[in-house]
Amino acid sequence: MSSERPTAAAVCIRVSEADFDVGAELAALRRRCSGQVGAVASFVGLVRDFQGPEPGGAPVTELLLEHYPGMTESSIGAMCQEALERWRLLDVVIVHRVGRLAPNDQIVFVQVASAHRPDAFAACEFLMDYLKTEAVLWKREGSAAGGRWLEPTQSDQERRRKW
């Protein structure tokens, strides 16, 4: 963590059924930040085609994500504010999809920019750990055997607690 703060960081949060284009997101960041950025860290999450933390689980046919409009964005915004207080960031973009998604669909995008890589890496990991455990989203995994609501795993909770 650095003590010096940037003047103002741009934060963009989108919760949508629409897919996202990672290349377009990076190009937009480069236009917004025009030379200030020395490091960009990003994460793209995809829908797995199996249940459980390891391959070999029952096949998954879909992932249904539900949210509470306004509340979901607010919960993600609070995470972003905490990241801005901890690290010197210039830009933060979080895109989280909702609705019915199929295996291999993109589900989440986190992009963090700063002048230096330690801040970008740490903030990106922090935001993803908090999204997995704290964002106001409900996930239901569908399979041939039926569906099941997902909760953060013990591993997810442990990762969040380290922050």
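What counts as what
Residues numbered from 1 in each chain as written. Predicted model: local features only at pLDDT ≥ 70, side-chain atom pairs only at ≥ 80, totals over all residues. Heavy atoms only, no water. Buried < 20%, exposed > 50% of the residue type's maximum accessible area, 1.4 Å probe, protein only. Helix = DSSP H or I, 4+ residues; strand = E, 2+ residues; numbered from the N terminus. Pairing = 2+ DSSP bridges. Core = buried A, V, L, I, M, F, W, Y, C linked by side-chain atoms within 4.5 Å. Contact = heavy atoms within 4.5 Å. Axes fitted to C-alpha atoms, helices over the stretch in contact; angles between N-to-C directions.

1. Remarks on the pairing of strand β6 (residues 106-114)
- Counting buried residues in β6 gives nine out of nine residues, a clear majority hidden from the surface.
- Strand direction decides the pairing type here: strand β2 (residues 39-46) and β6, joined by eight bridges, are antiparallel. Paired with Ser-42 across the strands is Gln-111, a residue of β6.

2. Considering the nonpolar core
- In this structure, Ile-76, Leu-89, Ile-94, Val-110, Leu-127 and Leu-131 are the most contacted members of the largest nonpolar core, which totals 32 residues.
- Apart from residues no more than four positions distant in its own chain, Ile-94 is found in contact with Cys-12, Ile-13, Arg-14, Ile-76, Cys-80, Phe-109, Val-110, Leu-127 and Leu-131.

3. Concerning the sheet that holds strand β1 (residues 10-16)
- Spatial ordering of the open sheet is given by β1-β4-β6-β2, a layout of four strands whose pairing is mixed. The open sheet terminates on both sides in strands that have one partner only, identified here as β1 and β2. Pairs of neighbouring strands in the sheet enclose a mean axial angle of 5°, with direction left out of account.
- Strand direction decides the pairing type here: β1 and strand β4 (residues 91-97), joined by seven bridges, are parallel. Paired with Ala-10 across the strands is Asp-91, a residue of β4.
- Sheet strands touched by helix α1 (residues 22-33): β1, β2, β4 and β6. Its angle to β6, the strand with the most contacts, is close to 25°.
- In the packing of helix α3 (residues 117-134) onto the sheet, contacts are made with β2, β4 and β6, and the angle to β6 comes to roughly 150°.

4. Focus: the pairing of β4
- Counting buried positions along β4 gives seven out of seven residues, so the element sits mostly inside the fold.
- In β4, alternate side chains face the same way, and those of Asp-91, Val-93, Val-95 and Arg-97 on one face and Val-92, Ile-94 and His-96 on the other are all buried.
- As paired elements, β4 and β6 share six bridges and run antiparallel to each other. Following the sheet pairing, Val-92 is matched in β6 by Val-112.

5. Points about the sheet that holds strand β3 (residues 62-67)
- If you walk across this open sheet you meet the four strands as β5-β3-β7-β8, and the pairing is antiparallel. Strand pairing shows two members of the sheet lacking a second neighbour, β5 (99-101) and β8 (146-150), which therefore form its edges. Neighbour to neighbour, the strand axes of the sheet diverge by 25° on average, direction disregarded.
- Pairing geometry for strand β7 (residues 137-143) and β8, over five bridges, is antiparallel. The residue bridging Ser-143 from the neighbouring strand is Gly-146, located in β8.

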